[in-house]
Amino acid sequence: MIISQNTLKWVMRFYPPLFFQRIWVQKFDDDFKSCSVKISKSFLNKNYNGSIFGGTIYAATDPFYALLFDQLMQRKGFKIRVWLKSASIQYLKPGHAHLYFKIKLTNEMVAEAEEALKTVGKFVKAYPMEITNKKGELCATVMNEIYIRNLHQGEVPTVAY
């Protein structure tokens, strides 16, 4: 489904798995090539050590590459299915305060996915993310492997995200 940046932002803000972990979408850029996300520290996501629960940080990174690629490829006329195939995280520093990350898709990343969808019919690639605190200190790094499949005519799509 193609939706506006503002609509997707508000849907994601109140999507229960993100909302109750205090994961807040700050912005989707007008061309769906980037988004900014804030992970607010609260009693709902604080661990025994007083920092943000690692599962919250991990969950925060889950949907965004898939959402950006989904909206971009649909706007290019592709009938696709997109999901996060795998992910890995490395915690570098405790998140004792709010955390932030920004995802940015380049024209080259989009062109590579588009070419693979046209020729092979699927695209699988891992992309890095960096989660920082307000001071800009790196608190975690994440690798998200995205799977995009070009649905062939006649296949009945099911929602996978």
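Keep in mind the model is a prediction, meaning the values are calculated, not measured.

> Hey, could you run me through helix α3 (residues 54-61) in this one?
Along an α-helix, residues three or four apart share an orientation, since each turn contains 3.6 residues. Within α3, the full set of buried residues consists of Gly-54, Thr-56, Ile-57, Ala-60 and Thr-61. Angularly, the buried residues of α3 cover 165 degrees about the axis, an arc narrow enough to put them on a single face.

> Is there a simple way to explain the sheet that holds strand β4 (residues 99-104) in this structure?
By definition, the strands of a sheet pair up through backbone hydrogen bonds, in either a parallel or an antiparallel sense. Spatially, the six strands line up as an open sheet ordered β1-β2-β4-β5-β6-β3, and their pairing is antiparallel. Where the open sheet ends on each side, the last strands, each with one partner, are β1 (23-28) and β3 (80-91). The average angle at which neighbouring strand axes cross in this sheet is 20 degrees, direction not considered. Set on the sheet, α3 makes contact with β1, β2 (34-39), β3, β4, β5 (122-133) and β6 (138-150); between it and β3 the angle comes to about 150 degrees. Sheet strands in contact with helix α5 (residues 107-119) are β3, β4, β5 and β6, and its direction is about 155 degrees off that of β5.

> Just to check I follow, could you spell out the packing of aromatic side chains for this structure?
Aromatic rings considered in pairs are described by the distance between their centres and by the relative angle of their planes. All told, the structure shown has 12 aromatic pairs when counted by the stated rule. Geometrically, the ring pair formed by Tyr-65 and Tyr-127 is stacked, given 5.2 Å between the ring centres and 25 degrees between the ring planes. In this pair, Tyr-65 sits in helix α4 (residues 64-75) while Tyr-127 sits in strand β5, placing the two residues 62 residues apart along the sequence. Like Tyr-65, the residue Tyr-127 is buried in the burial classification. The ring of Trp-10 carries Arg-13 above its face, with NZ or CZ at 4.4 Å from the centroid.

> I would appreciate a short explanation of the state of the cysteines in the present structure.
Every disulfide links exactly two cysteines, by a covalent bond between their sulfur atoms. In this structure the tally under the stated criterion is zero disulfides. The thiol of Cys-35 is not disulfide-bonded; the next cysteine sulfur, from Cys-139, is found 18 Å away.

> When you look at the side chain of Arg-13 in this model, what are you seeing that I'm missing?
In this fold, Arg-13 is placed in helix α1 (residues 5-13). Although Arg-13 lies buried, it forms no salt bridge, and the closest oppositely charged side chain, Asp-29, sits 12 Å away as judged by the N-O distance. Contacts of Arg-13, omitting those with residues within four sequence positions, involve Phe-19, Trp-24, Val-25 and Gln-26.

> Is there a simple way to think about the nonpolar core in this case?
Most often, soluble globular proteins keep nonpolar side chains buried together rather than apart. With 43 residues, the main nonpolar core has Phe-28, Phe-64, Tyr-65, Phe-69, Phe-101 and Ile-148 as its most contacted residues. Ranked by residue count, the leading element in this core is α4, at eight residues. Not counting chain neighbours up to four residues away, the residues in contact with Phe-64 comprise Met-12, Leu-18, Val-25, Phe-28, Cys-35, Val-37, Phe-101 and Ile-103.

Cut-off values and rules
- Residues numbered from 1 in each chain as written.
- Predicted model: local features only at pLDDT ≥ 70, side-chain atom pairs only at ≥ 80, totals over all residues.
- Heavy atoms only, no water.
- Buried < 20%, exposed > 50% of the residue type's maximum accessible area, 1.4 Å probe, protein only.
- Helix = DSSP H or I, 4+ residues; strand = E, 2+ residues; numbered from the N terminus.
- Arc of directions from axis to C-beta.
- Pairing = 2+ DSSP bridges.
- Axes fitted to C-alpha atoms, helices over the stretch in contact; angles between N-to-C directions.
- Contact = heavy atoms within 4.5 Å.
- Phe/Tyr/Trp six-rings, centres within 6.5 Å; stacked < 30°, edge-to-face > 60°.
- Lys NZ or Arg CZ within 6 Å of the ring centre and 35° of its normal.
- Disulfide = S-S within 2.5 Å.
- Lys, Arg positive; Asp, Glu negative; His and termini not counted.
- Salt bridge = Lys/Arg side-chain N within 4 Å of Asp/Glu carboxyl O.
- Core = buried A, V, L, I, M, F, W, Y, C linked by side-chain atoms within 4.5 Å.

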